[in-house]
Amino acid sequence: MRLIFGLLVFILSVCLGWQKSMPLKKRNEFYGSFNNFNLVYKNAVSFDKKSLSKIIEGFNKKDDFYELLNNYIGNSNVDLNLSYLTNDEKVFVMDYLKSIGKGDERSQLDYIEHVYDVVEDKKKQCFEDAKKFSGMYIKLSVLIGLMLFIVVV
Amino acid sequence: MNLSFLPVDILSAIAKVNCSVLNEIRLRKGYAIKIILDSQMFYLTAEGASGNKTHAIICTESHINRIVDVVTERSIYAHIERIKKGYLSFFGGIRIGIGGEFVFENGKVITVKNITSLNVRIPHEITGCADDVYEKLYKSGVKNTLIISPPMQGKTTLIKEIVNKISESNIGSILVIDERGEFFNVKGENIDLISYADKLFSFEFGIRTLSPKVVIADELISQNDWKCAYKATFSGVKIIASCHADSIEEVAQKDFFINKVFERYVVLRSINGIASHKEIYDKDFNRI
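The notes below deal with the structure included here. (Residues numbered from 1 in each chain as written. Chains lettered and ligands numbered in written order. Predicted model: local features only at pLDDT ≥ 70, side-chain atom pairs only at ≥ 80, totals over all residues. Heavy atoms only, no water.)

Below, the discussion takes up the overall build of chain B. The helix and strand tally for chain B stands at eight helices and 14 strands. Over its C-alpha trace chain B gives a radius of gyration of 20 Å, about what one expects of a compact globule, namely 19 Å for 288 residues. By principal-axis analysis of the C-alpha atoms, chain B measures approximately 55 × 45 × 40 Å. Looking at chain B as a whole, 51% of its 288 residues qualify as buried. In chain B, 56% of the contacts between residues at least 6 apart in sequence involve partners at least 24 apart. Accessible surface, chain B as shown: approximately 13,200 Å² in total, 49% of it carbon and sulfur. The positive charge centre, built from 36 side chains, and the negative charge centre, built from 34, are 2 Å apart in chain B. (Helix = DSSP H or I, 4+ residues; strand = E, 2+ residues; numbered from the N terminus. Rg over C-alpha atoms; globule rule 2.2 N^0.38 Å. Buried < 20%, exposed > 50% of the residue type's maximum accessible area, 1.4 Å probe, protein only. Contact = heavy atoms within 4.5 Å. Areas by Shrake-Rupley, 256 points an atom, 1.4 Å probe, with all protein chains shown as cover. Lys, Arg positive; Asp, Glu negative; His and termini not counted. Charge placed at Lys NZ, Arg CZ, Asp CG, Glu CD.)

Written as structure tokens, this is what we have:
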């Protein structure tokens, strides 16, 4: 009985650690896709003049950022309830969605140029955070889980 | 007819209208939406067409934004060349004229902002409307022809039918210069289509590379268009084109009119947007 309880405590601890690390992974993934999309979009505007929906169709990542873009193109109103983004970041993303596709080639390239550096910095920061803290949370949760398992058993 | 680009309230009102005679939908920000049915103007209400303005649907900024967003697939940059020329086009040959603030740089339009009005023009196919013209003008060989009428009298519809008939007669390749994407449904084993390119490019490169026997060009508007048509007649091709005017005299008065380019003139008088009455003239403006 104690063994089973100890195992449950261990699993719970690992799950909590995993849950704590998820937002960091999601943020990393979100800004990675955001950055990648900016590059794809810049090329599309400069060269083949593909429409946004065509660019999104060919976008090879199906994650939160893709869902967000897809929803926005589909019905222009999106509920940006991604808990791992701060309020300022949500405002920035909404501004981005409202601005892309809304101008001629030159104005769009100017805009992407401006946004690119901001997103690139965010991406780097998120990557560092995910690398540093996400692994740490999981390792810590395994360690705490093991300790509790020993105590319980 | 695909009108899916319209906002829901307008679309459901249009569904109550006889779309087979719907020629235009006119939207002006802050004003009642008007529709042209059978060449007659009505207001658009939630219950369909009405002569009474009281319950008309008022065009809002969001109506206009929604239409522009859907038609451009939220990608203005991909449609900017057409926008600079003052229109958008949608599947099915639907052309949407744009009114708003045109932004110029070095004398050229670079974009349009604050769009305040849209004019949705809906094309119709009328099989057989070119039978009489074909019999009289083209059965024994194509003649350089200019089709003349004011806007919305069925010039493009007539030209489309002429293209189909000439194509069926297998006289050789036909080059269709489709500057505004209105000839999307003109297809055939003898037809080459150059879409969304200007006439200067299309005439020069089309004649050189596609070796047509007949060139079809809708709406000769500028001096350059006329010059292109004029030059083409010396390239061994026949031309069928159209021009906005009320009469043959009005065409002859245009600054850029070049006499003897066309061997025949067809003046359209339409009833309910269908080119039902056609007057044919020879190169010396004598009625045939």
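Residue and element names in this part refer to chain B. Along the chain, Ile148 turns up in strand β8 (residues 145-149). What makes Ile148 buried here is its relative accessible area of 0%. Sequence-wise, Ile148 and Val266 are 118 residues apart; in three dimensions their C-alpha atoms are separated by 5.9 Å. In this structure, Ile148 is in contact with Cys243, Ala245, Ser247, Ile248, Val251, Tyr265, Val266, Val267 and Leu268, ignoring residues within four places of it in sequence.

Another aspect to go through is the pairing of strand β1 (residues 22-28) of chain B. Residues and elements named next belong to chain B. Of all seven residues in β1, five are buried, a share of seventy percent or more. Here four bridges tie β1 to strand β2 (residues 34-37), and the two strands are oriented antiparallel to one another. Pairing of Glu24 across the sheet is with Ile36, part of β2. From the end of β1 to the start of β2, which pair antiparallel, there are five residues, and Gly30 there has a positive phi angle of about 90°. Where β1 meets strand β7 (residues 108-121), five bridges bridge the pair, whose relative direction is antiparallel. Its bridge partner being in β7, Ile25 is matched across the sheet by Val120. (Pairing = 2+ DSSP bridges.)

Attention now goes to the environment of B:His55. Residue and element names in this part refer to chain B. With respect to the helices and strands, the residue His55 is situated in the loop between β4 (48-50) and α2 (61-71). Along the sequence, His55 and Leu44 sit eleven residues apart, while their C-alpha atoms lie 8.2 Å from each other. If we ignore the near neighbours within four places in the chain, the residues touching His55 are Thr45 and Ala46.

This part is about the pairing of β7(B). Walk down a regular strand and you will see the side chains alternate between the two sheet faces. All names here are of chain B. Where strand β6 (residues 94-105) and β7 come together, ten bridges link them in antiparallel fashion. Of the residues in β7, the one forming a bridge with Phe102 is Val112. Two successive antiparallel strands, β6 and β7, enclose a turn made up of two residues, where Asn106 displays a positive phi of approximately 50°.

Listed as interface residues are 21 residues of chain A and, on the opposing side, eleven residues of chain B. Of the roughly 1,200 Å² buried between chain A and chain B on both sides combined, carbon and sulfur atoms contribute 48%. By the criterion of area lost to chain B, the three top residues of chain A are A:Lys102, A:Asp104 and A:Arg106, representing 33% of everything that side buries. In this structure, the connection of chain A to chain B is made through two salt bridges. Note that A:Lys102 and B:Asp69 form a salt bridge whose closest N and O atoms lie 2.8 Å from each other. Seen at the junction of chain A and chain B, the total is eight residue pairs in polar contact (both at pLDDT 80 or more). Secondary-structure elements contributing two or more residues to the side of chain A that touches chain B are α1 (2-48), α2 (52-57), α3 (64-75) and α5 (105-152) of chain A. The leading source of residues in the side of chain A that touches chain B is α2(A), at four residues. The residue makeup of the side of chain A that touches chain B, split by class, is seven nonpolar, seven polar and seven charged. (Buried area = accessible area lost by both parts, 1.4 Å probe. Salt bridge = Lys/Arg side-chain N within 4 Å of Asp/Glu carboxyl O. Polar contact = N/O pair within 3.5 Å; in protein donor to acceptor, adjacent residues only side chain to side chain. Nonpolar A, V, L, I, M, F, W, Y, C, P; charged D, E, K, R; others polar.)

The biggest cluster of nonpolar side chains holds 34 residues, and the ones touching the most others in it are A:Phe30, A:Phe37, A:Tyr41, A:Tyr96, A:Leu97 and A:Ile100. Only α1, α2, α3, α4 (87-99) and α5 of chain A provide two or more residues apiece to this core. Ranked by residue count, the leading element in this core is α1(A), at seven residues. Every residue in contact with A:Phe37, bar those within four places of it in the chain, is listed here: A:Leu52, A:Ile55, A:Ile56, A:Phe59, A:Phe65, A:Leu69, A:Tyr96 and A:Ile100. Within the second largest apolar cluster, 33 residues are counted, among which are B:Ile33, B:Ile35, B:Ile115 and B:Leu118. (Core = buried A, V, L, I, M, F, W, Y, C linked by side-chain atoms within 4.5 Å.)

As a further point, take a nonpolar patch on the surface. Together, A:Leu3, A:Leu7, A:Ile11 and A:Val153 line one region of the surface with nonpolar side chains, adding up to about 360 Å² of accessible area. Here A:Ile11 lies in helix α1. (Patch = residues over 30% accessible without salt bridge, like charges linked within 9 Å, V, L, I, M, F, W, Y side chains within 5 Å.)

Attention now moves to helix α6 (residues 199-210) of chain B. All names here are of chain B. Of the positions making up α6, those classed as buried are Lys199, Ser202, Phe203, Gly206 and Ile207. What you see down the axis of α6 is that its buried residues fit within an arc of 100°, all on one side. The exposed residues of α6 that point more than 90 degrees off its buried face are Arg208 and Thr209. Next to the buried residues of α6 lie β9 (174-178), β10 (191-195), β11 (214-217), α7 (223-233) and β12 (238-244). Of the residues that open α6, the one with a side-chain oxygen 3.3 Å from the backbone nitrogen of Leu200 is Asp198. Backbone geometry just after α6 places Ser211 at a positive phi near 45°. (Arc of directions from axis to C-beta.)

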